[in-house]
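# Coordinate analysis (summary)
One letter stands for each residue in the lines below.
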Amino acid sequence: MEFAKLCSIFAAGLAMGLGAIGSAVGEGFIAMKAVQTMSRQPGSAGKIVRVMLIGQAVTETAAIFALVVSLILMFQDVTGDFVKGFTFIAAGIAIGFGTIGSGFGAGLPGGAACEGIGKQPENADVLTINMLIGQAVSQTATIFSLTIALILIMLEPRSGIVKICSILGAGCAIGFGAIGPGIGDGIVARNANLAIGKDPANMGLLTRTMLIGQAVTETTDIYSMVVSLILIFVI
Amino acid sequence: MESIGKVAVQTITFLGHTISFNPEMLYMTWLVMGIIIIISFAATRRLGVVPNKIQSIFEIIFSFLEEILVSTLGKKDGARFVPLICTLFVFILLSNWIGIIPNLFGFLGVIIALVHKLFGGEVTVVVQDSITNLMITPAAGSWYRFLFKMPAITEPTKYLSTGLGLAIIIFMVVHSFGIRTKGISGYFKSYLEPLPSEGFWLYLFFLNPFFYMNIISQFANTLSHSFRLFGNIFGGGIIIVIVSELLRYIMIPVGLFAFFGLFAGAIQAFVFTMLAVSYIAQQK
C-alpha cells in the first residue's frame, strides 16, 4: 500500500478515537443531572427525559463530525505522495482533539436545563430553546476544527520537509486550540441556563449576554484558526 | 471541490499600479446592497400607524436594536448610533442568508441546454464521475449562453475582505468616538490603565507594560471581530460543499443549509453587531 493510504487509515482511527471522548462525557453529564433532578421531582420525569434526550442528541454533534471525517478518511481513494500522507494525520489530529472541548461543553447547558425544569416545570420550552442556542454556539470550536480538517484532506501540498512540519503544526494548532473555547462556551451557556431556570423573565437579556460572552470566549480559537490557515496556505 | 481555498482574482492597472480585487465578492456585495435599498424603499414608502407586514419587520429590528443601544450607551449617544448599527445588522444578516439561494441561473441554463439537445441542438454533454455531475457546454452562438456565465450566488461575508472592511469601519468609529467623549488626553490616558496616569507614570508611559498590551488588544479586537464572521460563514460553506460532493449532488443537504445558513448566519450577524456596540461602549 501507498504511504498516503496508510496514513489515511491511521488518521481515521485517530479522529474517531479522540472524537468520542468529549461528547461521551457531555452526554453522561446531562444524564447525571437528569437523574439527580428526577430523584427530587419524580412528578416531572417525563419532561426531564424529553429534554435530556434532545440535549444528548445535540451533544453528539461533535462526535458525528469526527465520524464524518473518519469515514471520508477510510473510504476515499487516495492519490498522493509522501507529504500528502501527513495532511491526513494532521486532519485527524485537528478534528480529534477539536471535538473534546465542544462535546463536553455542549453537555453543560443540557444539564442546567434539566435542573431548571426540576425547579419550575412550566419553563420547559424556554429552557429548551436557550439550551439549544447555547449548545449550537458551543459547537463553533468544533466547526472551525472541521473546516481545517476538510481543507487539509482536500489539500494538494507542495513537497518538502518544511511543508510536512507546517501541516502538522496547523493540525495541532486548531486541534488543541479548540479544547478550551469549547468547554468555556459550555460554562457560559450552563450558567445562563441556570439563571433562566430561576427567573425566565430575564431570558432576553441573558441570551443576548450569553451569545456575546460565548463569542468572546471563542476568540482564542479564532487565533488558532488564523495560525492554521497561515501555516497551510502561506508557509 | 478544487475551488476550496482559492478565490477569483481580477487585476486592473490604474496609474501604473496593479490593483487586484475579487469580482465575486463585489457582485454579491452590490446585490445585497441593492436588495436592501429596494426593500427599505418599499417599507418606508407608505408608512402607517398600523404597520403593514414589511414595515413591521423593520420596526421589530429597529426597536430591538434601539433598546439595546439606549440601555448600553445612554439615551443621547445610543440614538446617535442607531442608523449605523441597524444598517450593519441588516447588511450582515442578508449577506449571510443570501447564500442559501441555489444557483438558479446555472440550473435554468442546464435545463434549457438539455431540452435543446433533445430537439437536436448542438450541445456537448460530458458525463463525469456520476450521472448527476454533467459538464454541459452549449454551442457558441446560442442565446442562453449568458446563463452559464452568471456568477453563482454566494455570501459576500464568506470572504475575509468583507468582514475586515466592516471591522475597520467599526475600529474607526470606536476610536473617533473615544477621542470625542474623553478628549485627546483622556483617550491617551485610557491606554495606561490599570496603572495610575498621573505624575511620573504619565511621563514614563513607555515603561508601562499595560500601555503596549492595551494597544495590542485594540488590534486583536479588530482581528478577531473580522475572523469570527469569516470563519463561521466560510466554514459552513465548505462543509456544505463537501457534503454535497459526497452525496454526488443527488440530494440538497437542507438541514445543513438551515443550520449554517439561517441559524448561524443570524447568530453571527447579531454577535458582530453586539460586539460593535460593546466596543463603542468601552470608550465611554
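Residues numbered from 1 in each chain as written. Chains lettered and ligands numbered in written order. Predicted model: local features only at pLDDT ≥ 70, side-chain atom pairs only at ≥ 80, totals over all residues.

Let us now look at the overall build of chain A. Helix and strand counts for chain A stand at ten helices and zero strands. Across chain A, helices and strands are ordered from the amino to the carboxyl terminus as α-α-α-α-α-α-α-α-α-α. In terms of overall size, chain A behaves like a compact globule, its C-alpha atoms giving a radius of gyration of 20 Å where 235 residues would be expected to give roughly 18 Å. Each principal axis of the C-alpha atoms in chain A carries an extent, and together these give about 65 × 30 × 20 Å. For chain A, long-range pairs separated by at least 24 residues make up 90% of all intrachain contacts whose partners lie at least 6 apart in sequence. (Helix = DSSP H or I, 4+ residues; strand = E, 2+ residues; numbered from the N terminus. Rg over C-alpha atoms; globule rule 2.2 N^0.38 Å. Contact = placed C-beta atoms within 7 Å.)

This brings us to the domain arrangement of chain B. In terms of domains, chain B is made up of domain 1 (10-102 + 153-282) and domain 2 (104-149). The C-alpha centroid of domain 2 of chain B is placed 39 Å from the C-alpha centroid of domain 1 of chain B. (Domains from an automatic or database assignment.)

Residue and element names in this part refer to chain B. Under the 1.5 Å per step criterion, the end-to-end length of helix 2 (residues 53-73) is 30 Å for 21 residues, consistent within 8% with the ideal 30 Å. Those residues of helix 2 that sit buried are Leu65, Leu69 and Leu73. The arc enclosing the buried residues of helix 2, seen along the axis, measures out at 55 degrees, which places them on a common side. Exposed and facing more than 90 degrees away from the buried side of helix 2 are Lys53, Ser56, Ile60, Ser63, Glu67 and Ser71. On its buried face, helix 2 sits against helix 3 (75-97) and helix 9 (254-282). Just downstream of helix 2 lies glycine 74, where phi reads positive at about 90 degrees. (Expected span 1.5 Å × (residues − 1). Buried ≥ 20, exposed ≤ 12 C-beta atoms within 10 Å, placed from the backbone. Arc of directions from axis to C-beta.)

A separate point is the interface of chain A and chain B. Listed per partner, the contact involves 20 residues of chain A and 20 residues of chain B. Breaking the side of chain A that touches chain B down by element, the ones donating at least two residues are helix 5 (124-138), helix 6 (140-154), helix 9 (203-217) and helix 10 (219-233) of chain A. For the side of chain A that touches chain B, the element with the most residues is helix 6 of chain A, which contributes eight residues. Among the residues making up the side of chain A that touches chain B, the classes are represented as 15 nonpolar, three polar and two charged. (Nonpolar A, V, L, I, M, F, W, Y, C, P; charged D, E, K, R; others polar.)

Here the focus is the packing of helix 6 of chain A against helix 8 (residues 209-246) of chain B. How two helices pack is summed up by the angle between their axes together with the distance between the axes. Viewed as axis vectors pointing N to C, helix 6 of chain A and helix 8 of chain B meet at an angle of 55 degrees, and their least axial separation amounts to 9 Å. It follows that helix 6 of chain A is oblique to helix 8 of chain B by the angle criterion. By crossing handedness, the relation of helix 6 of chain A to helix 8 of chain B is classed as left-handed. For the pair formed by helix 6 of chain A and helix 8 of chain B, the contact residues are Thr140, Ile143, Phe144, Leu146, Thr147, Leu150 and Ile151 of chain A on the first element and Gly231, Asn232, Phe234, Gly235, Ile238, Ile239 and Ile242 of chain B on the second. Along the lines of polarity and charge, the residues of the contact of helix 6 of chain A with helix 8 of chain B split into nine nonpolar, five polar and no charged. (Axes fitted to C-alpha atoms, helices over the stretch in contact; angles between N-to-C directions. Parallel < 35°, antiparallel > 145°, perpendicular 65-115°, else oblique. Left-handed = near helix turned anticlockwise from the far one by under 90°.)

The subject of this paragraph is the nonpolar core. Core analysis: the biggest nonpolar cluster contains 115 residues, and Val69, Ala91, Ala149 and Leu152 of chain A have the highest contact counts within it. The element best represented in this core is helix 4 (residues 82-119) of chain A, accounting for 17 residues. (Core = buried A, V, L, I, M, F, W, Y, C linked by C-beta atoms within 7 Å.)

This part takes up the environment of proline 194 of chain B. All names here are of chain B. With respect to the helices and strands, the residue proline 194 is situated in the loop between helix 6 (160-189) and helix 7 (200-203). Given 7 C-beta atoms within a 10 Å radius, proline 194 is considered exposed. For the pair proline 194 and threonine 18, spaced 176 residues apart in sequence, the C-alpha to C-alpha distance is 46 Å.

This prediction gives chain B a mean pLDDT of 83; 94% of its residues lie at or above 70. Overall fold confidence (pTM) sits at 0.80, and the ipTM for the predicted complex is 0.71. (pLDDT = per-residue confidence, 0-100.)

The next subject is the environment of arginine 158 of chain A. Residues and elements named next belong to chain A. You can see arginine 158 is positioned in the loop between helix 6 and helix 7 (161-177). The class for arginine 158 is exposed, based on 9 C-beta atoms found within 10 Å. Note: C-alpha distance between arginine 158 and valine 216 (58 residues apart in sequence) is 35 Å.

All names here are of chain B. Little of strand 1 (residues 10-14) sits out of view: just zero of its five residues are buried. As judged from the five bridges shared by strand 1 and strand 2 (residues 17-21), these two strands associate in the antiparallel manner. The residue bridging phenylalanine 14 from the neighbouring strand is histidine 17, located in strand 2. (Pairing = 2+ DSSP bridges.)

Once that is clear, we can look at the pairing of strand 2 of chain B. With zero of five residues buried, strand 2 of chain B is to be regarded as a mostly surface element. The turn linking strand 1 of chain B back onto strand 2 of chain B is made up of two residues, and leucine 15 of chain B within it adopts a positive phi angle of 55 degrees.

If you check helix 6 of chain A, its first and last C-alpha atoms are 21 Å apart, about what 15 residues at 1.5 Å a residue would give, namely 21 Å. For helix 6 of chain A, the buried fraction is high: 15 of the 15 residues fall into the buried class.

Right, let's talk about the packing of helix 2 (residues 45-59) of chain A against helix 4 of chain A for a bit. Residues and elements named next belong to chain A. Two elements in contact, helix 2 and helix 4, have axes separated by 9 Å at closest approach and are oriented at 170 degrees. Regarding the angle of helix 2 to helix 4, the classification is roughly antiparallel. Each of Lys47, Ile48, Val51, Met52, Gly55, Gln56, Val58 and Thr59 in helix 2 lies in contact with helix 4, whose residues at this interface are Gly103, Ala106, Gly107, Gly110, Ala113, Cys114, Ile117 and Gly118. Here the residues of the contact of helix 2 with helix 4 are counted per class, giving eight nonpolar, seven polar and one charged.

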